[in-house]
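Next come the chains, spelled out residue by residue.
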Amino acid sequence: VWHRQPFRLRYEPARGETPAHIGGTTLFGDNVEDEWFVVYLVREITRDFPGLAARIDDNDGEFLLIEAADFLPKWLNPENSENRVFFYKGELHIIPLSETPEQEWDLSAPCPTISEALALLSTRSEEFLAAEPIRAAVYKRIDGYPEKIQASLHRAQCYLPVGIAAVLRQRPSLVAAAVQAFYLRDPADLRACRRPFQTFPPDQRVMTLVTFTRCLYAQLVQQKFVADRRSGYTLPAPSHPQYKAHELGMKLAHGFEILCSKSSKVSPNSKRNVLSGPLWERFLRSLKEKDYFKGEMEGSAKYSELLHMAEDYFQQSVTTPESSVEVSPGDEILALLQTTPIDLKEFEREAACLPPEDDDSWLDITPDALDQMLKEARNESIPSADEEEHKYDLEAVAESMKAFVSKVSAHEGAEMPWSSDKSHVTFDVDSFTKALDRILGADSEELDSDDLDEEEEFGFSDEDDEDSGAGDQRQDQKVSPDELIGSLKSYMNEMDRELAQTNVGKSFTTQKKGARSVKSAPSESAGPDCGAEDPELAPVDVDMNLVANLLESYSAQAGLAGPTSNILQSMGVYLPENTDHSGSS
């Protein structure tokens, strides 16, 4: 059951620089699992037919590279990735820039042509095998197919008109078209449902088991819909044990009725006309030569079933719009209704012994389950609640944020620093001290870190004196360290005293070495003539203020995603939920 369109390949003649090939396009709609199943099929085709190389992309471009974005080499970007990513012999290959011989194509061109890429793959494919982390990221998405298909299906009981039950028995895949017609309906579509149903009236309904994909089932069950009274469809009370089956059947019936109302009213023999040409005869003869029918007698039930599958495949995949009439789902439904015998008694007997439907509790996802799914997708270890509450480190919070701020950022995003558990930071104290001495002079120890930051911000350095002339520069250089540091400290003390009595100064937490905090600074001590350092003023505790602001921002997220949690979690730092309900501090 495909969500929108099935996977199909057709012969494509050569066009421009693209040689003749087999290709196709599949609309997968909202079900991204269809897309990854196509990736699995393409990889298996290249495994079973080693002479074939395949490339695949979607609306986003090279989505295989997007899946492995964390492991790509630096040189690979959307501008130069075209015609470089291929499946060959069942493995993912990437043709790098450095492996491009000058004689094979113009180096000024950002991407190779298809022919040039195929020539390299056929001769040196071992050199272009994608790195193990890249292949692992892509293969993780297609791991488990084809068995994984069954896990993506959902079987539910539906109370349907007997005609729809008969159609779905012949063509189970038509459920997708009906769900899409109902899910994407517009007022014009519903005009056919505001009168008694012409094709599927509700007078003869049976209970049956319908197979959906999980995506189709979710789309159908989650939409609230009230049928028009004129349609004849009514629902029992919500407390009725089969209320959900009646509701699903009513919605599916509306989808099928909408499809039939859009029918082009072509002759029911249009499909038969498609299957009567010489192309179909050659196709059928080829199937018989390859023992497709497995020795079944012509006209037997198994033979008819295999023949019907071959006809559907030929109609959907082999024929082209130029040589045949495109059959819409509505036309196909009407044709099936005319050719399929409907035995109401048989369906009622089957309804009496239907197997149980699947549990749909997978529709309900808790926030914790969603977080776990996201962490598993990022291959992160999932700490328990106790670990988050007792083992997080406030120093790690501060250091991680400082590391993030120190990294390079641009319009394409910010580089994330490695978490502390993955890499170790080395710090040479002697080299750092000597560098400070060269910048500030021998008495640099008297200058604290806050003053150093302010000096860099306001540009106080020896270079500022160069404009006053060479002679003055020599004289300033002899006396600059003491005078510069003294005047700068006096300037900073004046500023600290003024800020201490404002809301800005009172909003910071100071270090514990002071007798009192900034909040207790005397208001009468501010004055331009005070040259000595005020003993009441204590340095600002930068780490404490940083952590306090981060925790306040994290608490304001109220459990939702936000800048603080996103940045810290990307560096492996997890904060527990805020359990302080008594106050804001």
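Every value quoted in this text rests on a predicted model; they were computed, and no experiment measured them.

Asks: What's the story with the overall build of the protein chain in this structure? I'm lost.
Replies: Helices and strands together make up the secondary structure of the protein chain, namely 23 helices and 9 strands. For the protein chain, the proportion of its 585 residues judged to be buried stands at 35%. For the protein chain, the proportion of contacts with a sequence separation of at least 24, taken over those separated by at least 6, is 74%.

Asks: Is there a simple way to think about unusual backbone geometry in this case?
Replies: Peptide bonds are, in most cases, trans, and in most cases residues other than glycine have a negative phi. Here the amide bond leading from Y145 into P146 is cis, since omega sits at 5°, within 30 degrees of zero. Relative to the helices and strands, P146 resides in the loop between helix 4 (132–142) and helix 5 (148–151). With a phi angle near 60°, N83 is a residue other than glycine that sits in the positive phi range. Checked against the element boundaries, N83 lands in the loop between helix 2 (63–67) and strand 4 (85–88).

Asks: For this particular structure, what's the right way to read the confidence of the model for the protein chain?
Replies: It should be kept in mind that the predicted coordinates are not to be read in detail where pLDDT is low. On average, residues of the protein chain carry a pLDDT of 77, and 72% of them reach 70 or more. This model gives residues 319–325 a pLDDT under 50, and the stretch forms 7 contacts once residues within four places in sequence are excluded.

Asks: Is there a simple way to think about the sheet that holds strand 5 (residues 91–94) in this case?
Replies: Sheet strands line up and pair through hydrogen bonds in the backbone, either parallel or antiparallel. Spatially, 3 strands are ordered 3-4-5 in an open sheet, and the strand pairing comes out antiparallel. Here the strands that pair on one side only, and so sit at the sheet edges, are strand 3 (53–54) and strand 5. Both strand 4 and strand 5 contribute to a ladder of 4 bridges, which runs antiparallel. Residue Y88 lies in a different strand from strand 5, and its bridge partner there is E91. Strands in contact with helix 1 (residues 32–48) are strand 3 and strand 4; relative to strand 4, the strand with the most contacts, it is inclined by about 55°. Along the sheet, helix 3 (residues 114–124) makes contact with strand 3, strand 4 and strand 5, crossing strand 4 at roughly 45°.

Asks: Explain the environment of Y159 here, please?
Replies: The residue Y159 is located in strand 6 (residues 153–161) in this model. Looking at Y159, the relative accessible area reads 21%, which means it is partly exposed. Separated by 84 residues in sequence, Y159 and Y243 place their C-alpha atoms 9.4 Å apart. If near-sequence neighbours (up to four positions away) are discounted, Y159 is found in contact with R205, V206, M207, A245, H246, G249 and M250.

Asks: Help me understand the packing of aromatic side chains in this model?
Replies: How two aromatic rings sit relative to each other is set out by the distance from centre to centre and by the angle between their planes. Under the counting rule described, the total for this entry stands at 16 aromatic pairs. Measuring from centroid to centroid gives 6.1 Å for F283 and Y313, while their planes differ by 25°, and the two rings are stacked. Linking F283 in helix 11 (residues 278–289) with Y313 in helix 12 (residues 301–318), this pair joins segments that are 30 residues apart in sequence. Classification of Y313 by relative accessible area gives partly exposed; the value is 45%. Of the aromatic side chains, those joined through ring pairs into one cluster are W2, F37, Y40 and Y145. A cation over a ring is seen here: R43 above Y139, with NZ or CZ 4.9 Å from the ring centre.

Asks: How should helix 6 (residues 162–170) be read in this particular structure?
Replies: Each full turn of the α-helix corresponds to 3.6 residues, which orients residues three or four apart in the same direction. In terms of burial, helix 6 is a largely internal element, 7 of the 9 residues being buried. Buried within helix 6 are the following residues: V162, G163, I164, A165, A166, V167 and L168. Next to the buried residues of helix 6 lie strand 6, helix 7 (174–183), strand 7 (205–213), helix 9 (243–261), helix 13 (329–339) and helix 14 (344–351).

Asks: Would you explain the packing of helix 6 against helix 14 in this entry?
Replies: In a packed pair of helices, the relevant descriptors are the angle between the two axes and the axis-to-axis distance. Between helix 6 and helix 14, the shortest axis-to-axis distance is 11 Å and the interhelical angle comes to 80°. By the angle between their axes, helix 6 is roughly perpendicular relative to helix 14. Contacts between helix 6 and helix 14 involve V162, A165, A166 and R169 from the first element and L344, E346, F347 and E350 from the second. Its residues assigned to classes, the contact of helix 6 with helix 14 comprises 5 nonpolar, no polar and 3 charged.

Asks: I'm lost on the nonpolar core in this one. Help?
Replies: When a protein is soluble and globular, its nonpolar side chains tend to lie buried together. V210, F212, L252, F256 and I333 are the most contacted members of the largest nonpolar core, which totals 36 residues. Breaking this core down by element, the ones donating at least two residues are strand 6, helix 6, helix 7, strand 7, helix 8 (214–222), helix 9 and helix 13. A total of 8 residues in this core trace back to one element, the largest contributor, which is helix 9. Setting aside residues no more than four positions away along its own chain, F212 makes contact with S152, L153, H154, A156, C158, V175, V179, Y217, L220 and L252. In this structure, L76, F87, L92 and A130 belong to the second largest nonpolar core, which totals 24 residues.

Asks: Help me understand the pairing of strand 6, please; the structure alone is not making it clear to me.
Replies: Along any regular strand, the residues point their side chains to alternate faces of the sheet. Burial analysis of strand 6 places 7 of its 9 residues in the buried class, the great majority of the element. Strand direction decides the pairing type here: strand 6 and strand 7, joined by 9 bridges, are antiparallel. Pairing of R155 across the sheet is with T211, part of strand 7.

Asks: Is there a simple way to think about a nonpolar patch on the surface in this case?
Replies: Judged by side-chain polarity, I365, L370, M373 and L374 come together as a nonpolar surface patch covering roughly 360 Å² of accessible area. Take L374: it is sitting in helix 15 (residues 367–377).

Asks: Please clarify how the pattern of salt bridges should be interpreted in this entry.
Replies: If charged atoms from side chains of opposite charge come close, those side chains can pair. As enumerated under the stated definition, the model contains 18 salt bridges in all. Among the ionic pairs, E62 bridges to R55, the shortest N-O distance being 2.8 Å. With a relative accessible area of 10%, E62 lands in the buried category. In this structure, E350 engages R169 in a salt bridge whose closest nitrogen and oxygen atoms are separated by 2.6 Å. Of this pair, E350 sits in helix 14 while R169 is found in helix 6, placing the two residues 181 residues apart along the sequence. Note on E350: relative accessible area 31%, which makes it partly exposed. Shared partners join several salt bridges into a network, and the residues in it are R43, E44 and R47.

Asks: Would you mind showing me how to read the packing of helix 8 against helix 9 here?
Replies: Closest axis-to-axis distance for the helix 8/helix 9 pair is 10 Å, and the angle between their directions is 100°. Our classification of the angle between helix 8 and helix 9 gives roughly perpendicular. Contacts between helix 8 and helix 9 involve Y217, L220 and V221 on the former and, on the latter, K244, L248, K251 and L252.

Asks: I tried to follow the environment of Q315 on my own but got confused; where do I start?
Replies: Note that Q315 resides in helix 12. Distance from Q315 to L275, taken between C-alpha atoms, is 7.8 Å for residues 40 residues apart in sequence.

Asks: Looking at this structure, how should I read the environment of Q511?
Replies: Position of Q511 among the secondary structure elements: in the loop between helix 21 (503–506) and helix 22 (542–556). On the basis of relative accessible area, Q511 is assigned to the partly exposed category, the value being 32%. Q511 sits 28 residues away from P539 along the chain, and the two C-alpha atoms are 5.8 Å apart.

Asks: I would appreciate a short explanation of helix 8 in the present structure.
Replies: Along helix 8, 7 of the 9 residues are buried, which leaves the element largely enclosed by surrounding structure. Those residues of helix 8 that fall on the buried side of the exposure criterion are C215, L216, Y217, A218, Q219, L220 and V221. In this fold, the buried residues of helix 8 make contact with strand 6, helix 7, strand 7 and helix 9.

Thresholds applied
- Residues numbered from 1 in each chain as written.
- Predicted model: local features only at pLDDT ≥ 70, side-chain atom pairs only at ≥ 80, totals over all residues.
- Heavy atoms only, no water.
- Helix = DSSP H or I, 4+ residues; strand = E, 2+ residues; numbered from the N terminus.
- Buried < 20%, exposed > 50% of the residue type's maximum accessible area, 1.4 Å probe, protein only.
- Contact = heavy atoms within 4.5 Å.
- pLDDT = per-residue confidence, 0-100.
- Pairing = 2+ DSSP bridges.
- Axes fitted to C-alpha atoms, helices over the stretch in contact; angles between N-to-C directions.
- Phe/Tyr/Trp six-rings, centres within 6.5 Å; stacked < 30°, edge-to-face > 60°.
- Lys NZ or Arg CZ within 6 Å of the ring centre and 35° of its normal.
- Parallel < 35°, antiparallel > 145°, perpendicular 65-115°, else oblique.
- Nonpolar A, V, L, I, M, F, W, Y, C, P; charged D, E, K, R; others polar.
- Core = buried A, V, L, I, M, F, W, Y, C linked by side-chain atoms within 4.5 Å.
- Patch = residues over 30% accessible without salt bridge, like charges linked within 9 Å, V, L, I, M, F, W, Y side chains within 5 Å.
- Areas by Shrake-Rupley, 256 points an atom, 1.4 Å probe, with all protein chains shown as cover.
- Salt bridge = Lys/Arg side-chain N within 4 Å of Asp/Glu carboxyl O.

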